[in-house]
Amino acid sequence: MIRESERPEHALRKTLGPVSLTALGIGAVIGSGIFTVIGTAISGDMSSGAVSGSVLKTPVLDYILHHSALAGRPGAGPALALSLVLVAIVCALTGLCYAELASMIPIAGSAYTYTYATMGELVAWIIGWDLVLEYAFSNMSVSVGFAAHVVDLMDWLGLRLSPKWLSPAYLPQGLQDLAGKDIYLPGWHSGFNIPAFLVVMLLSVVLVRGIRESARTNNIMVLLKIVAILLFVFFGIGFIHPGNYHPFSPNGWSGVLTGGSIIFFTYIGFDSVSTAAEECKQPQRDVPIGILATLIICTILYCAVAIVLTGIVKWDTMVGDAAPVVNALKKLSVLPGGHKLHWVRLGVLCGALLGMISSLLVFQMGQARVWFAMSRDRLLPDWFSVIHPRFRTPANATWFAAVLVAIPAGLFDVGTFAELSNIGTLFAFVLVSVGVLVLRYREPARRRGFRVPLGPVIPMLSIIFCTLLMAGLPILTWLRFFAWLVIGLGVYFLYSRKRSEFYPGPGA
């Protein structure tokens, strides 16, 4: 696999160091969830179809324990801080597994490449197909959040445009103004989320031009959005009402677990770090540093925002809000003494928009490289592994990934995308952890630039905790996930397997 990646027609330019890798990871992790999905993780999903108590909307673990349907997916409330600690622990365990495999197999493709090397082609296809789901739906979610922040920016500037072209065509909770009046009722309406579509297409131009230019752009955006987050925390502390923290955990451990499951997908930033391993100058050293540094920095920032946000706004008022942080500042700015937050809101808005952009940049880069790696292994058409003659980037895969994300982003809401991305992420993490155990058994003497401590204990804990978080997702999400995998297996056996270099042929 390493020899194949070094052939001139497939070789990627090696330009990244540990700082750029860490910035890529931070750009992915704190760009999406901290500004967008954190609201639905706190408040849960109480859409019209869930209020009556639907089995399909009930988290798997709750149904197993209680054998009854819940009225929607429970939110974590102020206890989201505990959810984030749980997620950080799981990510640290899994991140160590990623670091060991990335230091051994510094090739584009992330979890797909690792499972290809450790568990064979069929399992690799399954995880590659899963990664397509993970990256595509996470970026759809982020681009919808980006559009919501664009609407907030236009509101701050006093611009009034028709919501028909600024919101998804499908709105499960409908669309309301700040006074709570319905703009659109729940369901479909005739419109399209144009900002969500355009941002994906424009960033694809940057990615086609080259990873070095993309990384430099991302480094600047990461610095500015960290400033925006600190601005929100610093000014928001003065408006905290202790009463908003009661009840601290309104839905008990069920809400804590489900909140962690929803917010989890934003932590796949360190997965994005590993997808860029082939473009690192010293991958055995740089990838583990990038992964672990990303986790430490992002966990601190996430917890700070969650504590301040649930302290200044009541936890159950963020249902369906794709821009909870800036909308919280907007509500406070009209209160006595809140006039100074008018300008703080602008700063946080700009930082949030940059955060969305950097997340989209990193996730689109990761998705295109998964398509590229699968094509290079002959599991997808050769068209996906064509390298741009001038920029040396997987241009065809990048453009295909752009279209795959941009069109659905104009049609659907943030909650659906987040749930599907999460189950794909957690499934990938389970297989990566299994891959570490398999290689420890099969090739114990192979050189490892980084080794997970405590032998098999950490990979086993990673598998257990990831499975537990998967159980916090609704039954409907599991059914959709299995349907996606069944489609993928059909594509593999009808097309990809016959193209594989390992295919024995009809007469064998």
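Just so it is clear, the model here is predicted, and its values are computed rather than measured.

Engineer: Can you walk me through the nonpolar core in this structure?
Structural biologist: As a rule of thumb, nonpolar side chains are buried together in soluble globular proteins. Grouped together as the largest cluster of nonpolar side chains are 127 residues, with contacts concentrated most on Ile30, Tyr112 and Phe232. Considering every element that reaches this core, the biggest residue donor is helix α14 (residues 341–376), with 19 residues. Every residue in contact with Tyr112, bar those within four places of it in the chain, is listed here: Ala124, Trp125, Ile127, Gly128, Leu131, Ala373, Met374, Asp377 and Leu379.

Engineer: Mind showing me how you'd approach helix α18 (residues 475–499) here?
Structural biologist: Think of an α-helix as 3.6 residues a turn; residues three or four steps apart then line up on the same face. The end-to-end C-alpha distance of α18 is 35 Å, a good match for the 36 Å that 25 residues give at a rise of 1.5 Å each. Of all the bends found along α18, the most pronounced is centred on Tyr492 and spans about 50 degrees. Here α18 has its buried residues at Ile475, Thr477, Trp478, Phe481, Leu485, Gly488, Tyr492, Ser496 and Arg499.

Engineer: Sorry if this is basic, but what is going on with the confidence of the model for the chain here?
Structural biologist: If pLDDT is low for a region, its predicted coordinates should not be looked at in detail. Confidence in the prediction for the chain averages 76 pLDDT; 74% of positions are at 70 or higher. In this model, residues 47–53 is a region of pLDDT below 50 whose contacts with residues beyond four sequence positions or in other chains number 16 contacts.

Engineer: Would you mind showing me how to read unusual backbone geometry here?
Structural biologist: In most cases, non-glycine residues show a negative phi, while peptide bonds are predominantly trans. Cis geometry marks the peptide bond from His246 to Pro247, where omega comes out at -5 degrees. By the element assignment, Pro247 lies in the loop between α9 (211–236) and α10 (252–263). Even without a glycine there, the phi angle at Leu454 is positive, about 65 degrees.

Engineer: So what exactly am I meant to see when it comes to the packing of aromatic side chains here?
Structural biologist: Enumeration over the complete set of coordinates arrives at 13 aromatic pairs. Note on Trp125 and Trp129: the rings are 5.5 Å apart at their centroids and 20 degrees apart in plane angle, and the pair reads as stacked. Of the two residues, Trp125 and Trp129 are both situated in helix α7 (residues 121–157); the distance of four residues between them amounts to about one turn of the helix. The exposure class assigned to Trp125 is buried, which follows from its relative accessible area of 0%. By relative accessible area, Trp129 is classed as buried at 11%. With a centroid separation of 5.8 Å and 50 degrees between ring planes, the pair formed by Trp478 and Phe482 is classed as tilted. With Trp478 and Phe482 both in helix α18 and four residues apart, the pair spans about one turn of that helix. Judged by relative accessible area, which is 43%, Phe482 ranks as partly exposed. Within the aromatic cluster, the residues linked to one another by ring pairs are Trp125, Trp129, Trp484, Tyr492 and Phe493.

What counts, and where the lines are drawn
- Residues numbered from 1 in each chain as written.
- Predicted model: local features only at pLDDT ≥ 70, side-chain atom pairs only at ≥ 80, totals over all residues.
- Heavy atoms only, no water.
- Core = buried A, V, L, I, M, F, W, Y, C linked by side-chain atoms within 4.5 Å.
- Buried < 20%, exposed > 50% of the residue type's maximum accessible area, 1.4 Å probe, protein only.
- Helix = DSSP H or I, 4+ residues; strand = E, 2+ residues; numbered from the N terminus.
- Contact = heavy atoms within 4.5 Å.
- Expected span 1.5 Å × (residues − 1).
- Bend = angle between axes of the 7 residues up to and from the residue.
- pLDDT = per-residue confidence, 0-100.
- Phe/Tyr/Trp six-rings, centres within 6.5 Å; stacked < 30°, edge-to-face > 60°.

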